[in-house]
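# Fold and contact review
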Amino acid sequence: MTVVTSAAQPPVEAGEERASLPAYARNYVARVRGGDIGALPAVLGLIVLCVGFGIAKPVFFSAINFANLFTQGAQVTAIAMGLIFVLLLGEIDLSAGFASGVCAAVLAVLVTNQHQPWYVAVLAALVTGAVIGTLIGLLVAKVGIPSFVVTLAGFLAFQGLLLVLVKNGTNIAVTDPVIKAIDFDGLVPPVVGWVLLVVAVVGFAGVQLMRRRKRAARGLAAEPLSVIALRVGALAVIAGAAVYVLNLERSRNAIVNSVRGVPLVVLILGVIAVALTFVLSRTAYGRHIYAVGGNREAARRAGINVDRIRISVFVIGSTMAAIGGVIAASRANSVDPNTGGSTVLLYAVGAAVIGGTSLFGGKGRVLDAVLGGALMAVIENGMGLMGVSSGIKYLFTGGVLLIAAGVDALSRRRAAATGLR
Amino acid sequence: MTATPLLEVRGINKSFGPVQVLRDVDFAIYPGEVTALVGDNGAGKSTLVKCIGGIHPIDSGEYHFEGTPVSVHSPRDASGLGVEIVYQDLALCDNLDIVQNMFLGRERRNGLVLDEVTMEQLATETLAGLSVRTVKSVRQLVASLSGGQRQTVAIAKAVLWNSKVVILDEPTAALGVAQTAQVLELVRRLADTGHAVVLISHNMNDVFAVSDRIAALYLGRMAAQVKASDVTYAQIVELITAGRSGDLGLTPAVADITNGAQS
């Protein structure tokens, strides 16, 4: 029979098992070996690719290129964050790319052709995304059409809608300064960047310490302080280094036009990522998403309104696509029939999968989209610097995606064998 | 031993279209006792349980809870009374841990935020109350649990809600010897803590190991509801297969009619 304890005297047992940092590390290594690799492939891939590109093209590590990485990857990352919710249910949204294009077009038409203020246009774009998501969700949950088919139809139809909105291929310029600031020239002043970093690190540490104190007060197993310190330290070092590099002077002609600071889009996506992570991991709604993705029947019997959850994830997915569309419009200063088209959707799905989110549902985090999106941006950017042809770039990206999916499949097989997951 | 049943149904009839599945079934469940519900495949065990659980509305008959007549039209009504059913397919989410599964759909919250600490504490206490010692940590994913451990979690989930009646549908069907013993022990402890337990099982060894009473269904009729100590293994098998055994069970005439109606 299985090993004894917990119930009778949980604090002792669990305390012993988790008390020290080495025990924690051993536990982690055991989990990884058991097949629970989480975001490890994405992190390793990021390091390997960064080092590789850095050696081949030293300019990869320049401050200006580092800033480019963020602005280039922003749209894909935003869409991927929304897709995580859809993928958690084991559904798919193939229309997210062109949905973001349609929302960008709505923005452009309002702000440029109708001369509306920027906030009206942005709001309209987000509402358009929410309406698209509601429509897809209703068709999937209430009518019962598979999400693959609904969103494949959406993929085609939204492409058409985008063409109609931009009058068959004209290019609508977006020159509104506020919208341009989002992902084109908006920068957080260096001092503000540092202050926000300190706020973020202190906030993270505070949340972790408070949780630890609450658990300890109730006699539950609490994480050792050293683990928390390590985690907070890692965040401080990585984010600190990023802020430092982004605060360096990037302009070739600093006296005329100084370019320093964290791109505004990083701040926007950071806030959204924290908010969505909170929703997924700390609220009942998020818990129910995992439950429906893990076992729909169990969720239904537990009294969860499964249809409402299914509709809501498509609303979140398409709304995030709308945010991606706004970012794309801002970055390109314009909207054309290809906004949100070509590889955007596939990169977003790839980002989520490379980050460690399962296509079968029930497993995934918002952080996966961020890591995967970063990996996609690094590949795109690095290959661009190397000056290779588009053909090689696509071949390489395809290979990376295949490796990520392969690692996931192998680890899942291993997890099934060891009974983890 | 209490004289008044905690839950009692009288004269229950239930048809699905032209097929009458339950005929004038009487069934009583007592607190602190394990009542085994036995019967061959198609005898109506699951239908009876689903009627009690409010999943199937009954065509006619009375439903008494703690001596007072009640009407149960939905699973919500049943769980409002404190009746919980643990189904054969346990309905647990593999990707969630034990605490998350036990509180699924009824999460404790602090405003908007989940109150993980309270939930973990309550789950630990519930498992401890049932003397469950087989799970290493309540934060283990259900995917990593054995069949017996899953059954344990499903049962603990049912008792978490101050339930008074716990109905277990074939809890040992897919388990090995050691795990079966473990689950049966848990079933016994449930009754000892004052719950009225209904155990559906095909395994006579299990039935005699833990039950205080045995109710045998035969082709939609309640053949007999007897104390386990008053009957033998062979008598129960006869009740299951023929509806009667000596002076126990359906009268020959009724048994024949029942037979005729079904065949």
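These lines cover the structure that appears in this document, whether it is placed above or below. (Residues numbered from 1 in each chain as written. Chains lettered and ligands numbered in written order. Predicted model: local features only at pLDDT ≥ 70, side-chain atom pairs only at ≥ 80, totals over all residues. Heavy atoms only, no water.)

Moving on, we get to the sheet that holds strand β6 (residues 83-86) of chain B. Residue and element names in this part refer to chain B. An order of β6-β9-β10-β3-β11-β12 is seen for the 6 strands of this open sheet, with the pairing classed as mixed. Each having just a single partner strand, β6 and β12 (221-227) make up the two edges of the open sheet. This sheet shows a mean twist of 20 degrees between the axes of neighbouring strands, independent of strand direction. For β6 and strand β9 (residues 165-169), the ladder comprises 4 bridges, and the chain directions are parallel. Bridge pairing links Val 86 to Leu 168 in β9. Along the sheet face, helix α1 (residues 45-52) touches β3 (34-39), β6, β9, β10 (196-200), β11 (213-218) and β12 and points at about 135 degrees away from the line of β3. Sitting on the sheet, helix α8 (residues 233-242) is in contact with β3, β11 and β12, with an inclination near 25 degrees to β11. (Pairing = 2+ DSSP bridges. Helix = DSSP H or I, 4+ residues; strand = E, 2+ residues; numbered from the N terminus. Axes fitted to C-alpha atoms, helices over the stretch in contact; angles between N-to-C directions. Contact = heavy atoms within 4.5 Å.)

The next thing to look at is the pattern of salt bridges. Counted according to the given criterion, the structure contains 22 salt bridges over all chains. For Glu8(B), the salt bridge goes to Arg10(B), with nearest N and O atoms at 3.1 Å. On the basis of relative accessibility, which here comes to 36%, the residue Arg10(B) falls in the partly exposed class. Measuring nitrogen to oxygen at the nearest pair gives 3.2 Å for the salt bridge that ties Asp212(B) to Arg188(B). With Asp212(B) in the loop between α7 (204-210) and β11 and Arg188(B) in helix α6 (residues 177-192), this pair connects stretches of sequence that are 24 residues apart. Linked through salt bridges whose partners overlap, the residues forming this network are Arg215(A), Arg287(A), Asp97(B), Glu116(B), Glu120(B) and Arg139(B). (Salt bridge = Lys/Arg side-chain N within 4 Å of Asp/Glu carboxyl O. Buried < 20%, exposed > 50% of the residue type's maximum accessible area, 1.4 Å probe, protein only.)

Bringing helix α6 (residues 118-143) of chain A into the picture now. All names here are of chain A. Taking 1.5 Å per residue as the helical rise, α6 with its 26 residues ought to reach 38 Å, and the 36 Å between its terminal C-alpha atoms agrees with that figure. What α6 keeps buried is the set Ala 121, Val 122, Ala 124, Ala 125, Thr 128, Gly 129, Ile 132, Gly 133, Ile 136, Gly 137, Val 140 and Ala 141. Of the surrounding secondary structure, the elements contacted by the buried residues of α6 are α5 (96-113), α7 (147-165), α8 (177-185) and α14 (306-332). A positive backbone phi angle near 90 degrees is found at Gly 144, which sits one or two residues after α6. (Expected span 1.5 Å × (residues − 1).)

To continue, consider the interface of chain B and chain A. Of the residues lining the interface, 39 residues belong to chain B; the matching set on chain A comes to 35 residues. For the pair chain B and chain A, the summed buried area comes to about 3,200 Å², and 58% of that belongs to carbon and sulfur atoms. By the criterion of area lost to chain A, the three top residues of chain B are Asn95(B), Val117(B) and Lys136(B), representing 18% of everything that side buries. Linking chain B to chain A there are 2 salt bridges. When the shortest N-O distance is used, the salt bridge between Glu116(B) and Arg287(A) registers 2.7 Å. (Buried area = accessible area lost by both parts, 1.4 Å probe.)

Sheets are built from strands that pair by backbone hydrogen bonding, the pairs being arranged parallel or antiparallel. All names here are of chain B. Ordered in space as β2-β1-β4-β5, the 4 strands form an open sheet in which the pairing is antiparallel. Sheet topology places β2 (19-29) and β5 (68-69) at the edges, where each strand pairs with a single neighbour. Pairing of strand β1 (residues 7-16) with β2 involves 7 bridges; the strand directions are antiparallel. Each bridged residue has a counterpart across the sheet, and for Phe 16 the counterpart in β2 is Val 19. Against the sheet, α1 touches β1, β2 and β4 (60-65), its axis set at about 65 degrees to β2.

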